[in-house]
Amino acid sequence: MLSVQDLSIRFRTGEGHVHAVNNVSFDIAAGQKLALVGESGSGKSQIALSILGLLANNAETSGRIDFNGADLLSIPLRQLNKIRAKEIGIIFQDPMTSLNPYMTVERQLGEVLELHEGLRGSAARARVLEVMDAVQIPDAKNRLKSYPHEFSGGMRQRIVIAMALLLRPKLILADEPTTALDVTVQAQIMRLLDDIQQEYKTSILLITHDLGVVAGFCDETLVLYGGRVMERAATKDIFALPTHPYTRGLMRAVPNIHEPHAKLTAIPGQPPNQTQPLTACPFAARCQDAVMDCHSSLPDLTQSAPMRACLRPLEELT
Amino acid sequence: MLSYTLRRLMAVIPTILILIVICFFLMRLAPGGPFTSERPLPPAVMKNVLERYGLDEPLYVQLWTYVKNIIIAFDFGPSFSQKDRSVNDLIAQGFPVTLTYGFFSAVFVLVMGIPLGMIAALRHNSFWDYVMTGLAIFSQIFPNFVLAPLMVLLFTLALGLLPGGGWNGGQWQYVIMPAVALGTSYMASVARLTRGSLLEVLNAPYIRTARAKGLSERTILIRHAMKPTLLPVISYMAPVFVYMITGSVFIDIFFSTGGIGQNFIDAAYTRDYSVILGLAILYSVLTFVLTLIVDLVYAWIDPKVRSGLK
């Protein structure tokens, strides 16, 4: 349904270009839940924004983002505006700032219905209420005229989710939907997303840095580093036996409930400098298993399972 | 909201009383008086004059009489320097003039400043942005006492389009130059403020949310970006309104409009106690009312402020 092909995103800045995303390809099938995992600066959010044409003004893109036959990177804004919210919804990271503080909740939700389906008045209100109920906002009827600041963070994120669900889009991009929330609220929101996905049969692209969030949610996981795909596999395989050195490093940095006293190991070194185009594996500098070739060649993602971009995956090590 | 407004209005009364007391004594502290001149009046004449205006009484009696007359009869007393004219007369004559060109000046500031700033922001870093910013800085560095003579040189002497002064009952030709000369530098500030504000708002996450909904840029600008963009402009306008009314002294002198600024200057020169006090009260009431209006507009736009007012 959505196919990202050879996507690169770079930003013009005062000090030259920043290569945020480098030749990333992946696709999502209808009804699939795919996770994009990576640390800050890995380019994961930029990929989501590029799908809806929401990148900052100084961004340059190349490649294709194919959605039901249209290339989202090159179609005119007028056409893109028909896809936004209608076909592809997005849930932003920070519910504190992503709602307009000067408009009532009803208006902010209602304008989506008005724009795409011509619904107004009581018909629109009924639909808004229906979705607010679906995301479990208590007493929704009396809260229609409330402003965002009158809701708690968790409730605001439910409103943001309601906004993405209004038109039952085929794909929802969830860009760190729980990062700004308390842990208990996080769990509620993830369960809500899961229920909704089952009911609405939407595809979800979940973008997160939190492996714990991915574990119970996504069928497949894509691990990004330095704006490049490191590994793609079924989520259970990634947790059971990660084969890419970066993914293994990530796993060692996550506390394990079965070994509460095991020492956590951070990956040594710093995230890569992205001001130069990539010529070698971006992780090589921090990789314990790197060999000479790792610093001079850029391995491609293998096309069949296990899919990864590495010269020295687990089974090569002896 | 209504009770808030009423409470704010009630607070005006004690504040004005305190202001009267302070102004009253400040004026008396300064050496000289309304009837001091280089050639002293004969003592008998002086005594008569002082008696006539009640200036021979003790200060607290004078203050009491002044306040009492205002409360009972809304009478701000006679002018000491202009024979047979009361402060009420002077204000009734000059204030409408000042208010008229002050109002049009404010309209000019908003109607020109806001769109200019928005165009500059929407064409960020383009030729038009630079033209607007340049123009704004250029007009900001011209105080009205430089701009007014330049305008007269151009529009009156060179082009012969507008009269160089006078009021003529407030005909539009006579209002234009005072209003524009008074407002230009504020207009430039408003343009720059609007530009900066809109640029910031357009980068806000909720504008990105609006884009993700599929709204057109036009709708986003009008529906989502306009209100927050105008908030800083509104806060800025409260003191500006007041300043435009009170700071019109030069305009009155240069264009001979006969506004209240002229009275203020004359009264200060001649120690015309009652006129100075009357104008001080007028200006402070004006300040209160305009600030209140601006606060109410602000609350009307910003729901967070509104819920704080209850």
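Keep in mind it's a predicted model, so treat the numbers as computed, not measured.

J.: For the overall build of chain A, give the residues involved together with the corresponding values.
T.: Tallying secondary structure elements over chain A gives ten helices and eleven strands in all. Expressed as a percentage of its 318 residues, the buried residues of chain A come to 53%. Counting contacts in chain A only where the partners sit at least 6 residues apart, residues at least 24 apart contribute 64% of the total. Of the roughly 14400 Å² of accessible surface on chain A, 51% is carried by carbon and sulfur atoms. In chain A, 31 positive and 34 negative side-chain charges are present, and the distance between their average locations comes to 4 Å.

J.: Could you give me a rundown of the interface of chain B and chain A, with the residues and numbers involved?
T.: Listed as interface residues are 22 residues of chain B and, on the opposing side, 25 residues of chain A. Both faces combined, the contact of chain B with chain A buries some 2100 Å², and carbon together with sulfur accounts for 61% of it. Of all residues in chain B, Arg208, Lys213 and Arg223 of chain B give up the largest surface area on contact with chain A, accounting jointly for 30% of the area buried on that side. Two residues, glutamate 111 of chain A and arginine 223 of chain B, come together in a salt bridge whose shortest N-O distance is 2.6 Å. Secondary-structure elements contributing two or more residues to the side of chain B that touches chain A are helix H9 (205–212), helix H10 (217–246) and helix H14 (303–308) of chain B.

J.: Please set out the pattern of salt bridges residue by residue, giving values where relevant.
T.: All names here are of chain A. Counting across every chain of the model gives 22 salt bridges over all chains. Glutamate 39 serves as the salt-bridge partner of arginine 286, at 3.6 Å between the closest nitrogen and oxygen. In this pair, arginine 286 is assigned in the loop between helix H10 (245–252) and strand S11 (307–308) and glutamate 39 in the loop between strand S3 (33–37) and helix H1 (44–51), connecting sequence segments 247 residues apart. What makes glutamate 39 partly exposed here is its relative accessible area of 22%. One network of salt bridges, with partners in common, ties together Arg10, Arg12 and Glu60.

J.: Before we move on, can you summarise the domain arrangement of chain B with the specific residues and values?
T.: All names here are of chain B. Domain boundaries assigned for chain B yield domain 1 (2–73) and domain 2 (88–309). The centre of domain 1, based on its C-alpha atoms, is set 33 Å off from the matching centre of domain 2. Of the residues lining the interface, 21 residues belong to domain 1; the matching set on domain 2 comes to 17 residues. Note on domain 1 versus domain 2: buried area summed over both sides is about 1700 Å², and carbon and sulfur give 74% of it.

J.: Would you mind going over the confidence of the model for chain B in detail, with residue names and values included?
T.: Looking at chain B as a whole, the pLDDT averages 89, with 99% of positions reaching at least 70. Quick note on the complex model: pTM equals 0.86, ipTM equals 0.90.

J.: Please give an account of the packing of aromatic side chains that cites residues and values.
T.: Taken as a whole, this structure holds 18 aromatic pairs over all chains when the rule is applied. Each ring, one from phenylalanine 254 of chain B and one from phenylalanine 255 of chain B, has its centre 5.1 Å from the other, and the planes form 85 degrees; the classification is edge-to-face. With a relative accessible area of 29%, phenylalanine 254 of chain B lands in the partly exposed category. The ring centre of phenylalanine 151 of chain A lies 4.1 Å from the NZ or CZ of arginine 143 of chain A, which sits over that ring. The ring of tyrosine 200 of chain A has arginine 168 of chain A sitting right over it, with the charged end atom 4.0 Å from the ring centre.

J.: Give me the lowdown on the confidence of the model for chain A, citing residues and values where you can.
T.: Across chain A, the average pLDDT comes to 90, with 100% of residues at 70 or higher. In the model of chain A, helix H8 (residues 211–215) of chain A stands out as the element of lowest mean pLDDT, 85, in contrast to strand S6 (residues 88–91) of chain A, which has the highest, 96.

J.: Run through the pairing of strand S8 (residues 203–208) of chain A, naming residues and quoting values.
T.: Residues and elements named next belong to chain A. Judged by how many residues are buried, S8 sits mostly within the fold: six of six residues are covered. Both faces of S8 are covered, namely the face carrying Ser203, Leu205 and Ile207 and the face carrying Ile204, Leu206 and Thr208. Across five bridges, S3 lies against S8 in parallel orientation. The residue bridging lysine 33 from the neighbouring strand is isoleucine 204, located in S8. Two elements, strand S7 (residues 171–175) and S8, share five bridges in a ladder whose sense is parallel. Across the sheet, the residue bridging to leucine 171 is serine 203, located in S8. Following the backbone out of S7, through helix H7 (residues 183–200) and into the adjacent parallel S8, one traces a crossover that is right-handed.

Reading guide: rules and limits
Residues numbered from 1 in each chain as written. Chains lettered and ligands numbered in written order. Predicted model: local features only at pLDDT ≥ 70, side-chain atom pairs only at ≥ 80, totals over all residues. Heavy atoms only, no water. Helix = DSSP H or I, 4+ residues; strand = E, 2+ residues; numbered from the N terminus. Buried < 20%, exposed > 50% of the residue type's maximum accessible area, 1.4 Å probe, protein only. Contact = heavy atoms within 4.5 Å. Areas by Shrake-Rupley, 256 points an atom, 1.4 Å probe, with all protein chains shown as cover. Lys, Arg positive; Asp, Glu negative; His and termini not counted. Charge placed at Lys NZ, Arg CZ, Asp CG, Glu CD. Buried area = accessible area lost by both parts, 1.4 Å probe. Salt bridge = Lys/Arg side-chain N within 4 Å of Asp/Glu carboxyl O. Domains from an automatic or database assignment. pLDDT = per-residue confidence, 0-100. Phe/Tyr/Trp six-rings, centres within 6.5 Å; stacked < 30°, edge-to-face > 60°. Lys NZ or Arg CZ within 6 Å of the ring centre and 35° of its normal. Pairing = 2+ DSSP bridges. Right-handed = clockwise from strand over helix to strand, strands pointing away.

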